[in-house]
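Read off the chains here:
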Amino acid sequence: MALKPQSQIKPPRMRPVWHTCICARIHVGLFHDAANVLGCLMTRLISLLTVLFLGLAACTPTSGPDQLGADGQPLPKAYKIRGNASKLQFRMLDSVNALRSASGASPVQLNAQLNAAAATHSRDMSAQNRPWHFGSDGSSPLDRIARAGYPGPLVGEAISETYETELETLAAWMDEPGTRSVILDPSAINMGFAWYQEKGGKIWWTLEMGG
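Not measured: the values here are computed from a predicted model. Every chain's residues receive numbers from 1 upward, in the order its sequence appears when written. This being a predicted model, a pLDDT of at least 70 is required before a residue's local features are given, and a value of 80 or more before pairs of side-chain atoms are given or counted; all residues contribute to the totals for chains, interfaces and linings. Neither water nor hydrogens contribute to the side-chain values; these are computed over all heavy atoms in the structure.

### A word on the confidence of the model for the protein
Values of pLDDT, ranging from 0 to 100, describe the predictor's confidence in every residue of the model. When pLDDT is averaged along the protein, the result is 75, and 63% of the positions lie at 70 or above. Here a helix means four or more residues in a row that DSSP labels H or I, a strand means two or more in a row labelled E, and each is numbered from the N terminus. At the low end of the mean pLDDT range in the protein sits helix α1 (residues 34-38), at 37; at the high end sits strand β4 (residues 109-110), at 98. Confidence over residues 50-66 falls short of pLDDT 50; this stretch has 23 contacts with residues more than four positions distant or in other chains. Contacts: residue pairs with any heavy atoms within 4.5 Å of one another.

Okay, structure coming up:
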């Protein structure tokens, strides 16, 4: 099965500083327009994300002195990931399922194989120092989930290079039609979510959706 992006991958978009997100998507015989489905629900989704952000404000500490970027402007303070990794994964799962429910899609479940594939790619993006969907050995998202032992098809992958929290990253993904359609795809039944944080604080997030 060949990887067929839903749309052309654009140059990385900064949001607001040091934040890029792009997605890859595979067609599975079901064509739909998630943007149209969301047209009348965006107000509800924005409100939902606002509630989620407020509820988790205490879980998103920042640390470290201001550092200057190449343009001389202060870099955003890093969100330091602490505590049990599974708690963060389930927090993201709950947020994704709340958005899917609002759009009329069925909930997804965390999958260990997809988590492993996401973790591998997050670390590999850091090693390559660029947010894209291919591994340092030329592997594709399809290759990664197969190596991790996932038996189902790949619905899509969302990635990000940022200093922001997981929920701010989710909000950025929801702002982009490509990543939004991956997250809300009705054919998805499983989700993988992982990250790699560098010593300087930069986080490489990866989300996999499987059928």
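### Side note on helix α4 (residues 112-128)
Its 17 residues give α4 an end-to-end C-alpha distance of 24 Å, which sits within 8% of 24 Å, the value for a rise of 1.5 Å per residue. Throughout this description, buried means an accessible area under 20% of the type-specific maximum (1.4 Å probe, protein chains only), exposed means over 50%, and partly exposed covers the range between. If you check which residues of α4 are buried, you get Leu-114, Asn-115, Ala-117, Ala-118, His-121, Ser-122, Asp-124, Met-125, Ser-126 and Gln-128. The inward-facing, buried residues of α4 contact α3 (85-103), β4, α5 (141-147), β5 (154-162), β6 (190-197) and β7 (203-210). Positive backbone phi, approximately 60°, marks Asn-129, located one or two places after α4. To estimate the expected span of a helix, count its residues, drop one, and scale the result by 1.5 Å.

### Some points on helix α6 (residues 166-175)
Burial runs high along α6: 8 of the 10 residues are buried. Buried within α6 are the following residues: Glu-166, Leu-167, Thr-169, Leu-170, Ala-171, Ala-172, Trp-173 and Met-174.

### Considerations on the packing of α3 against α6
Between N-to-C directions, angles cover 0 to 180 degrees, with each direction set by a line fitted to C-alpha atoms, over the stretch in contact for helices. α6 packs onto α3 with a crossing angle of 30° between their chain directions and a minimal axis gap of 10 Å. If you check the angle between α3 and α6, you find them roughly parallel. At the point where α3 passes α6, the crossing takes the right-handed sense. Mapping the contact onto sequence places Leu-88, Arg-91, Met-92, Ser-95, Val-96 and Leu-99 in α3 and Glu-166, Leu-167, Leu-170, Trp-173 and Met-174 in α6. The scheme is simple: roughly parallel for angles under 35 degrees, roughly antiparallel for over 145, roughly perpendicular for 65 to 115, oblique for anything else. Left-handed describes a crossing in which the near helix is turned anticlockwise from the far one by less than a right angle; the clockwise case is right-handed.

### A few points about the nonpolar core
Residues Met-92, Leu-170, Trp-173, Met-191, Phe-193 and Leu-207 are the most contacted members of the largest nonpolar core, which totals 25 residues. Residue assignment for this core shows that the elements contributing at least two residues are α3, β5, α6, α7 (177-183), β6 and β7. Sorting elements by how many residues they give to this core places α3 first, with 5 residues. Membership of the second largest hydrophobic core comes to 6 residues, among which are Leu-114, Ala-117, Tyr-150 and Leu-154. Residues belong to a common nonpolar core when they are buried Ala, Val, Leu, Ile, Met, Phe, Trp, Tyr or Cys residues joined through side-chain atoms within 4.5 Å.

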